[in-house]
Amino acid sequence: MPLKQTTALRKIAALTKKYRAIRGGQGSSKTFSILTILINHASSKANRNIYVVSAELTKMRETVIKDFVYIMTESGLFNQDNFLAGTLYKYPNGSTIKFLGLDKEDVGKGLRSHVVYFNEVNKVNQETFRQMASRSDKIYLDYNPVSEFWVDTELLHDKDSQLITLTYKDNEALDKSIVHEIEKA
């Protein structure tokens with residue numbers, strides 16, 4: 001199935017500030033769209049270091065990394081030999097995307113990157129976020145709007161922050177059966 005441009009992807013791609021917060025629920029295409037943007041960035045710009053981080057690497061293997069492999073495969077970019085230990089993808093142009101779980105203390109400290117993406121940032125310690133974000137040029141962060149937390153109360157007040165809220169209606173690629181289930185709830 002070819003990849004489809006969605007409203008979610010266009011809205012996220014239009015963000016320009018350092019902190020790019022994407023809030024949205026089930027089926028909104030937050031993760032898929034951000035990964036698409038990161039893959040495009042890594043494959044088109046040489047020597048970029050990109051981190052994709054989440055509270056748990058184990059969960060990320062079942063969600064984010066599977067989406068990454070799917071997008072790369074559908075785009076004709078995936079080469080298994082370039083995917084070291086299933087957590088580091090090396091592009092021929094010298095760029096890398098590294099998947100990192102923050103479930104060990106001090107894991108994110110001292111890491112420099114061009115871009116960092118915090119998946120489900122509401123599950124990430126604020127100090128760990130600060131350490132990694134302070135050493136990055138662009139920061140994408142996504143979360144479900146379950147309850148207010150430090151991103152809502154502190155980060156979004158920063159003049160270099162942007163927030164968009166997505167719903168399943170921003171994802172035209174969503175299977176109709178999933179749309180039906182979401183609308184039943």
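The following refers to the structure shown. (Residues numbered from 1 in each chain as written. Predicted model: local features only at pLDDT ≥ 70, side-chain atom pairs only at ≥ 80, totals over all residues. Heavy atoms only, no water.)

Comments concerning the overall build of the chain
Selection criterion: Going along the chain from the N terminus, every DSSP run of H or I of four or more residues is numbered as a helix, and every run of E of two or more is numbered as a strand. Note that the radius of gyration is over C-alpha atoms, with the globule rule given as 2.2 Å times the number of residues to the power 0.38. Residue exposure (1.4 Å probe, protein chains only): buried if accessible area is under 20% of the type maximum, exposed if over 50%, otherwise partly exposed. Should any heavy atoms of two residues lie within 4.5 Å, those residues are counted as being in contact. Areas reported here follow the Shrake-Rupley algorithm with a probe of radius 1.4 Å; residue values treat only the protein chains shown as occluding. Only four residue types enter the tally: Lys and Arg on the positive side, Asp and Glu on the negative side; His and the chain ends are excluded. For the purpose of locating charges, the reference atoms are NZ of Lys, CZ of Arg, CG of Asp and CD of Glu.
Counting its secondary structure elements, the chain contains seven helices and eight strands. Taking 185 residues into account, the globule formula puts the C-alpha radius of gyration at 16 Å, and the chain, at 16 Å, falls close to it. Dimensions along the principal axes, computed over C-alpha positions, put the chain at roughly 45 × 40 × 30 Å. Taking all 185 residues of the chain together, 44% fall into the buried category. Considering only residue pairs separated by 6 or more positions, the chain has 68% of its internal contacts joining residues 24 or more positions apart. Counting only carbon and sulfur atoms, one obtains 49% of the accessible surface of the chain, whose full area is about 9700 Å². Averaged over its 26 positive side-chain charges, the chain has a centre that lies 5 Å from the centre of its 22 negative ones.

Some points on helix H5 (residues 126–133)
Because each turn of an α-helix spans 3.6 residues, side chains separated by three or four positions end up pointing in the same direction. The condition that has to hold: Identification of polar contacts relies on pairs of N or O atoms within 3.5 Å, with a donor-acceptor requirement for protein atoms, meaning one able to donate a hydrogen and the other able to accept it, and with residues adjacent in sequence counted only if both atoms are side-chain atoms.
Among all positions of H5, only Phe129, Gln131, Met132 and Ala133 are buried. Structurally, H5 contributes buried residues whose contacts are with strand S1 (19–24), strand S2 (49–54), strand S5 (96–101), strand S6 (113–118), strand S7 (136–143) and helix H6 (150–153). The opening residue of H5 is asparagine 125, an N-cap whose side-chain oxygen sits 2.7 Å from the backbone nitrogen of glutamate 127.

What to know about the pairing of S6
Applicable threshold: Note on pairing: two strands pair once DSSP finds at least 2 bridges between them.
Among the six residues that make up S6, five are buried, leaving the element largely enclosed by the rest of the structure. In terms of strand pairing, S2 meets S6 through four bridges, oriented parallel. Within S6, the residue paired with tyrosine 51 across the bridge is valine 116. When S6 meets S7, the two strands line up parallel, connected through five bridges. Bridging from a neighbouring strand, valine 116 pairs with isoleucine 139 of S7.

Describing the packing of helix H2 (residues 30–44) against helix H4 (residues 64–74)
Heads up, the condition is: Fitted lines through C-alpha atoms serve as axes, helices being fitted only where they are in contact, and the angles separating the N-to-C directions of these axes extend from 0 to 180 degrees. Working definition: roughly parallel below 35 degrees, roughly antiparallel above 145 degrees, roughly perpendicular at 65 to 115 degrees, and oblique for all remaining angles. Each crossing gets its hand from how the near helix is turned against the far one by less than a right angle, where anticlockwise is left-handed and clockwise is right-handed. Side-chain classes are defined by residue name, with Ala, Val, Leu, Ile, Met, Phe, Trp, Tyr, Cys and Pro counting as nonpolar, Asp, Glu, Lys and Arg as charged, and the others, Gly among them, as polar.
The N-to-C vectors of H2 and H4 enclose an angle of 55°; their axes lie 10 Å apart at closest approach. The orientation of H2 relative to H4 falls into the category oblique. Considering how the two elements wind past one another, H2 and H4 form a crossing that is right-handed. Facing H2, whose interface residues are Thr31, Phe32, Leu35, Thr36 and Ile39, H4 presents Val64, Asp67, Phe68, Tyr70, Ile71 and Met72. Class assignment for the residues of the contact of H2 with H4 results in eight nonpolar, two polar and one charged.

What to know about unusual backbone geometry
Backbone geometry at alanine 85 places phi at a positive 55°, although glycine is not the residue there. Take alanine 85: it is sitting in the loop between strand S3 (83–84) and strand S4 (88–90). Owing to a relative accessible area of 67%, alanine 85 belongs among the exposed residues under this scheme. Positive phi, normally seen in glycine, also occurs at glutamate 120, with a value near 55°. With respect to the element layout, glutamate 120 can be found in the loop between S6 and H5.

Considering the pattern of salt bridges
Put simply, the rule is: Basic side-chain nitrogens of Lys or Arg form a salt bridge, by our definition, when they fall within 4 Å of a carboxyl oxygen of Asp or Glu.
Applying the stated rule across the entire model yields seven salt bridges. Across the salt bridge formed by lysine 11 and aspartate 170, the nearest N and O atoms sit 2.9 Å from each other. Within this pair, whereas lysine 11 is found in helix H1 (residues 7–13), its partner aspartate 170 is found in the loop between strand S8 (161–166) and helix H7 (176–184), the two being separated by 159 residues in sequence. Lysine 11 gets classed as partly exposed once you look at its relative accessible area, which sits at 36%. Between lysine 59 and glutamate 120 there is a salt bridge, with the nearest N and O atoms lying 3.1 Å from each other. Here lysine 59 is found in helix H3 (residues 57–62), whereas its partner glutamate 120 is found in the loop between S6 and H5, with 61 residues between them in sequence. For lysine 59, a relative accessible area of 35% gives the class partly exposed. By sharing partners, the salt bridges in this structure join Lys59, Glu120 and Lys123 into a single network.

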